[in-house]
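Here is what each chain is made of, one letter per residue.
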Amino acid sequence: MDVIDIVFRLIGVFYAFGGLAAIRAAALDVVLDRAISMITLKPRPRPEAGRAWLLGAGAVVTLASGVALAALSQWAVPFFLIGTTLQIVWLFWARHAFPPEDEDDQLGRRQTTNAALGYAVVLLGVVWLANAGRLAPFDATGPAIAIGVAAIAGLAYLTRNLGWWTGGAFGSRDDDLDNDDIASGDDGLRHPSRIRLVPSVYHDPLVDADDGRILDHFDYLPLDLAERIEAWRDAWVAALDPDTHEPVFATAEAEAASHADAEVIVSELEAIYGEGAVEAPEFLARRESSPKLLPNV
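Since we're looking at a predicted model, the values are computed, not measured. (Residues numbered from 1 in each chain as written. Predicted model: local features only at pLDDT ≥ 70, side-chain atom pairs only at ≥ 80, totals over all residues. Heavy atoms only, no water.)

**Considering the overall build of the chain**
Line of reasoning, step 1. The helix and strand tally for the chain stands at nine helices and four strands.
Line of reasoning, step 2. Beginning at the N terminus, the succession of helices and strands in the chain can be written as α-α-α-α-α-β-β-β-α-α-α-β-α.
Line of reasoning, step 3. For the chain, the proportion of its 297 residues judged to be buried stands at 42%.
Line of reasoning, step 4. Of the roughly 15,200 Å² of accessible surface on the chain, a fraction of 61% belongs to carbon and sulfur atoms. (Helix = DSSP H or I, 4+ residues; strand = E, 2+ residues; numbered from the N terminus. Buried < 20%, exposed > 50% of the residue type's maximum accessible area, 1.4 Å probe, protein only. Areas by Shrake-Rupley, 256 points an atom, 1.4 Å probe, with all protein chains shown as cover.)

See the structure below:
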């Protein structure tokens, strides 16, 4: 192993860690976008889902290409080629679909362009290594296993987090809800006999405990109680960890405050629907350290 090998191995390690960081950032971004969407009650634009998957795929490829280069494997050539192509596609698409809105956006776009140029330069170096016979063959077992594990793990993590948010490549979980199940309007509301309080990123937190209808709390409840439920759910969603899909509050006091708010909300709902007619979130009964994400109803 000479200096050239050491330099390229170090570059590979750099891109491997960069890919990991990019995948993690993609997961955090979708959680934030989802929280904003739930707070503003505005549907997520379809290009946002496409951007999330494109950037996420590029992050996975960056991870795999870095591992391949660190192992000095010929697999580095196709992975760097795919990664460069994805970055070019993103830059051209973003130029029209996501134009910079301010100086910070323009700076970020320039940094992304420079990073893509640097990645392309490394691609040229990888091609030179391959032509010089300095890379292990495709069928070398050790490097192939390492690259495969990295790519599969990165893709699984990406799919788990982006799929949870988008419900598919370009779809939305919100689109899967039956519009007939969403109560709306001021007249003819069919109030449930039993109600369930469910913190969820997928739908409003009130559910008919008998038939599973999703209820708009602003239609069914007094404004002050509806706003309290909205604020409680928003804080719960904002605290969600993308890895576990469970809220991780900044402090024990913030967690206790969330639990206390839930208890007050349950009490106020019982005052409306009757004692024993309100199903509280499971975490209140279990008294666990953090509430669990309940399945979509």
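So, next bit.
**Looking at the nonpolar core**
Line of reasoning, step 1. Counting residues in hydrophobic clusters, the biggest one holds 26 residues, and the most contacted among them are L69, F80 and V126.
Line of reasoning, step 2. Every element with two or more residues in this core is listed here: α1 (3–40), α2 (46–70), α3 (76–97), α4 (103–131) and α5 (141–166).
Line of reasoning, step 3. Ranked by the residues each element gives to this core, the list is headed by α2, at eight residues.
Line of reasoning, step 4. Once residues lying within four places of it in the same chain are set aside, the contact partners of V126 are F8, L69, A76, V77, F80 and L135. (Core = buried A, V, L, I, M, F, W, Y, C linked by side-chain atoms within 4.5 Å. Contact = heavy atoms within 4.5 Å.)

**Quick notes on the environment of V60**
Line of reasoning, step 1. With respect to the helices, strands and loops of the structure, V60 is situated in helix α2.
Line of reasoning, step 2. Residue class for V60 comes out buried when judged on its relative accessible area of 8%.

**Some details on the packing of aromatic side chains**
Aromatic rings considered in pairs are described by the distance between their centres and by the relative angle of their planes.
Line of reasoning, step 1. Tallied over the entire structure, the rule returns nine aromatic pairs.
Line of reasoning, step 2. With a centroid separation of 6.1 Å and 75° between ring planes, the pair formed by W90 and W93 is classed as edge-to-face. With W90 and W93 both in helix α3 and three residues apart, this pair spans about one turn of that helix. (Phe/Tyr/Trp six-rings, centres within 6.5 Å; stacked < 30°, edge-to-face > 60°.)

**A closer look at the confidence of the model for the chain**
Line of reasoning, step 1. Averaged over all residues, the pLDDT of the chain is 79; the fraction at 70 or higher stands at 78%.
Line of reasoning, step 2. A low-confidence stretch, residues 164–187 stays under pLDDT 50, and its non-local contacts, those more than four residues away or across chains, total 55 contacts.
Line of reasoning, step 3. Contacts of residues 286–297 to residues separated by more than four positions or lying in other chains number 36 contacts, the stretch itself having pLDDT below 50. (pLDDT = per-residue confidence, 0-100.)

**Focus on the side chain of D5**
Line of reasoning, step 1. Note that D5 resides in helix α1.
Line of reasoning, step 2. We classify D5 as buried; its relative accessible area is 13%.
Line of reasoning, step 3. Those residues in contact with D5, other than ones at most four positions away along the chain, are L72 and R134.

**Quick word on the pattern of salt bridges**
Line of reasoning, step 1. Scanning the model with the defined rule gives eleven salt bridges in all.
Line of reasoning, step 2. Here E279 ties to R196 by a salt bridge, and the two come within 2.9 Å at their closest N and O atoms. Taken together, the positions of E279 in strand β4 (residues 278–279) and R196 in strand β1 (residues 195–197) put the pair 83 residues apart, joining distant regions of the chain.
Line of reasoning, step 3. Between R228 and E268 there is a salt bridge whose closest N-O contact spans 3.9 Å. Here R228 is found in helix α7 (residues 223–238), whereas its partner E268 is found in helix α8 (residues 252–273), with 40 residues between them in sequence.
Line of reasoning, step 4. Here R228 falls in the partly exposed class, since its relative accessible area comes to 31%.
Line of reasoning, step 5. One network of salt bridges, with partners in common, ties together R194, R196, D210 and E279. (Salt bridge = Lys/Arg side-chain N within 4 Å of Asp/Glu carboxyl O.)

**With respect to α4**
Line of reasoning, step 1. For α4, spanning 29 residues, the distance from its first C-alpha to its last is 42 Å, which sits close to the expected 42 Å at 1.5 Å a residue.
Line of reasoning, step 2. By the burial criterion, the buried members of α4 are R109, A116, Y119, V122, L123, G125, V126 and L129.
Line of reasoning, step 3. One side-chain oxygen at the N-terminal end of α4 lies 3.2 Å from the backbone nitrogen of D104; it belongs to D102.
Line of reasoning, step 4. Just beyond α4, the residue with positive phi is G133, at close to 70°. (Expected span 1.5 Å × (residues − 1). Polar contact = N/O pair within 3.5 Å; in protein donor to acceptor, adjacent residues only side chain to side chain.)

**What to know about the packing of α7 against α8**
Line of reasoning, step 1. Two elements in contact, α7 and α8, have axes whose closest approach is 10 Å; the angle formed by their N-to-C orientations is 150°. With respect to α8, the axis of α7 lies roughly antiparallel. For the pair α7 and α8, the crossing hand works out as left-handed. Two secondary-structure elements touch here, α7 through L225, R228, I229 and W232 and α8 through S258, D261, A262, V264, I265, E268, L269 and I272.
Line of reasoning, step 2. Tallied by class, the residues present in the contact of α7 with α8 amount to eight nonpolar, one polar and three charged. (Axes fitted to C-alpha atoms, helices over the stretch in contact; angles between N-to-C directions. Parallel < 35°, antiparallel > 145°, perpendicular 65-115°, else oblique. Left-handed = near helix turned anticlockwise from the far one by under 90°. Nonpolar A, V, L, I, M, F, W, Y, C, P; charged D, E, K, R; others polar.)

**Section: the sheet that holds β1**
Line of reasoning, step 1. Ordered in space as β3-β2-β1-β4, the four strands form an open sheet in which the pairing is mixed. The sheet is open, and its two borders are formed by β3 (214–215) and β4, each paired with just one other strand.
Line of reasoning, step 2. Examined bridge by bridge, β1 and strand β2 (residues 206–208) share three bridges and lie antiparallel to one another. Residue pairing in the sheet places L197 in a bridge with L206 of β2. (Pairing = 2+ DSSP bridges.)

**Notes on α3**
Line of reasoning, step 1. The terminal C-alpha atoms of α3, which comprises 22 residues, lie 31 Å apart, in line with the 32 Å expected from a rise of 1.5 Å per residue.
Line of reasoning, step 2. Of the positions making up α3, those classed as buried are A76, F79, F80, G83, T84, Q87, W90, L91 and A94. Taken end-on, α3 shows its buried residues confined to a sector of 135°, consistent with a single buried face. For α3, the exposed residues lying more than 90 degrees away from the buried face are F92 and H96. (Arc of directions from axis to C-beta.)

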